[in-house]
Amino acid sequence: MHRRAIYPGSFDPVTNGHLDILERGLKLFDEVIVAILVNPNKKCVFTVEERIDMLESCLVDYPNARVDTFGGLLVDYAAKMDAQAILRGMRAVSDFEYEFQLALMNRRLNRDIQSVFLMTGLRWIFTSSSIIKEAASFGGNIEGMVPDLVRERLSKKLGHPL
Ligand code: PNS
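Notes on the structure in this doc start here. Here the structure is a predicted model, which is why all the values come from computation and not from measurement.

1. Focus: the site of the ligand
Moving on, step 1. If you check the shell around the ligand, you find 14 residues, and the closest are Gly-9, Ser-10, Lys-42, Leu-74 and Arg-88.
Moving on, step 2. At 2.7 Å from an oxygen atom of the ligand is found a side-chain nitrogen or oxygen belonging to Ser-10.
Moving on, step 3. Contact distances for the ligand include 3.2 Å between an oxygen atom and a side-chain N or O atom of Arg-88.
Moving on, step 4. For the ligand, whose free accessible area comes to 550 Å², the fraction covered by protein is 74%.
Moving on, step 5. Top contributing element to the shell around the ligand by residue count: helix α4 (residues 93-109), with 4 residues.

This is the structure:
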């Protein structure tokens, strides 16, 4: 059986915390599809194309991972892709309530797809795309929190060095 998982998210932008979860997810699954949610109602800093491009560059060393986009229900996309699982990272307790709600709703919608959570590495426990974007918007040092390429793209987007 080919074990395939969907790793969904906004990835606006991808962080080192995301890559840590992906790398560990690849030890459990034969293939992981990093799926960017296309949601025109959500205001993102990077366009979908820019997020695909950054993710693809970050995934060159992971032959069993690929990038895709999806809209609508996550479980419908997972079923369409023949995936058995949804992979999510869990950070501090604050993530739990939302993730629990998401997992229970997804299970109610499709009982054949399992939600699998990996605890984030301690060094990424407070890393999130939003906090990184906030620090970066004020010129804060985000080195080591995102891949260098992402830091460069963010710096270009914000118009100041990071
Ligand atoms: O990285 P994020 O923004 O926390 O990811 C959230 C995501 C994309 C996993 C979630 O919003 C999602 O799955 N959206 C698609 C719609 C859906 O299926 N929602 C859950 C059941 S209603």
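2. Let's talk about the nonpolar core
Moving on, step 1. Tyr-7, Leu-22, Val-32, Val-34, Leu-55, Leu-59 and Leu-87 are the most contacted members of the largest nonpolar core, which has 29 residues in total.
Moving on, step 2. If you list the elements that add at least two residues to this core, you get β1 (4-9), α1 (16-28), β2 (31-37), α2 (48-58), β3 (65-70), β4 (85-90), α5 (129-137) and α6 (148-158).
Moving on, step 3. Top element by residues in this core is α1. It accounts for 4 residues.
Moving on, step 4. When near neighbours in sequence (up to four residues on either side) are disregarded, Leu-87 contacts Ala-5, Ile-6, Tyr-7, Pro-8, Ile-21, Gly-25, Val-32, Val-116 and Leu-118.
Moving on, step 5. Core analysis: the next-biggest nonpolar cluster, separate from the first, contains 12 residues, Phe-70, Tyr-77, Ile-86 and Ile-113 among them.

3. Regarding the packing of α2 against α6
A pair of packed helices is captured by two measures, namely the crossing angle of their axes and the spacing between those axes.
Moving on, step 1. It is the contact of α2 with α6, at a shortest axis distance of 10 Å, that shows an interaxial angle of 155 degrees. Looking at the two axes, α2 sits roughly antiparallel to α6. Each of Glu-50, Asp-53, Met-54, Ser-57 and Cys-58 in α2 lies in contact with α6, whose residues at this interface are Leu-149, Val-150, Arg-153 and Lys-157.
Moving on, step 2. Partitioned by chemical class, the residues of the contact of α2 with α6 number 4 nonpolar, 1 polar and 4 charged.

4. Some thoughts on the side chain of Arg-51
Moving on, step 1. Of note, Arg-51 is situated in helix α2.
Moving on, step 2. No salt bridge is formed by the buried Arg-51, whose closest oppositely charged neighbour, Asp-12, lies at an N-O distance of 4.1 Å.
Moving on, step 3. In this structure, Arg-51 is in contact with Ser-10, Phe-11, Asp-12, Ile-36, Leu-37, Cys-44 and Phe-46, ignoring residues within four places of it in sequence.

5. Some details on α2
Moving on, step 1. Within α2 the residues assigned to the buried category are Val-48, Arg-51, Met-54, Leu-55 and Cys-58. Considered in projection along α2, the buried side chains sweep an arc of 130 degrees and stay on one side of the axis.
Moving on, step 2. Contacts from the buried residues of α2 go to α1, β2, β3 and α6.

6. What to know about the pairing of β2
Moving on, step 1. Within β2, 6 of the 7 residues are buried, which leaves the element mostly enclosed by the surrounding structure.
Moving on, step 2. As defined by bridge partners, β1 adjoins β2 across 6 bridges and the pair is classed as parallel. Of the residues in β2, the one forming a bridge with Gly-9 is Ile-36.
Moving on, step 3. Of the crossover connections in this fold, the one passing from β1 over α1 to the parallel β2 is right-handed.
Moving on, step 4. Across 6 bridges, the pairing between β2 and β3 is parallel. Bridging from a neighbouring strand, Ala-35 pairs with Asp-68 of β3.
Moving on, step 5. Taken together, β2, α2 and β3 form a β-α-β motif whose crossover is right-handed.

Cut-off values and rules
Residues numbered from 1 in each chain as written. Predicted model: local features only at pLDDT ≥ 70, side-chain atom pairs only at ≥ 80, totals over all residues. Heavy atoms only, no water. Near = heavy atom within 4 Å. Polar contact = N/O pair within 3.5 Å; in protein donor to acceptor, adjacent residues only side chain to side chain. Areas by Shrake-Rupley, 256 points an atom, 1.4 Å probe, with all protein chains shown as cover. Helix = DSSP H or I, 4+ residues; strand = E, 2+ residues; numbered from the N terminus. Core = buried A, V, L, I, M, F, W, Y, C linked by side-chain atoms within 4.5 Å. Buried < 20%, exposed > 50% of the residue type's maximum accessible area, 1.4 Å probe, protein only. Contact = heavy atoms within 4.5 Å. Axes fitted to C-alpha atoms, helices over the stretch in contact; angles between N-to-C directions. Parallel < 35°, antiparallel > 145°, perpendicular 65-115°, else oblique. Nonpolar A, V, L, I, M, F, W, Y, C, P; charged D, E, K, R; others polar. Lys, Arg positive; Asp, Glu negative; His and termini not counted. Salt bridge = Lys/Arg side-chain N within 4 Å of Asp/Glu carboxyl O. Arc of directions from axis to C-beta. Pairing = 2+ DSSP bridges. Right-handed = clockwise from strand over helix to strand, strands pointing away.

Spatial relationships are all this shows, so hold off on functional conclusions.
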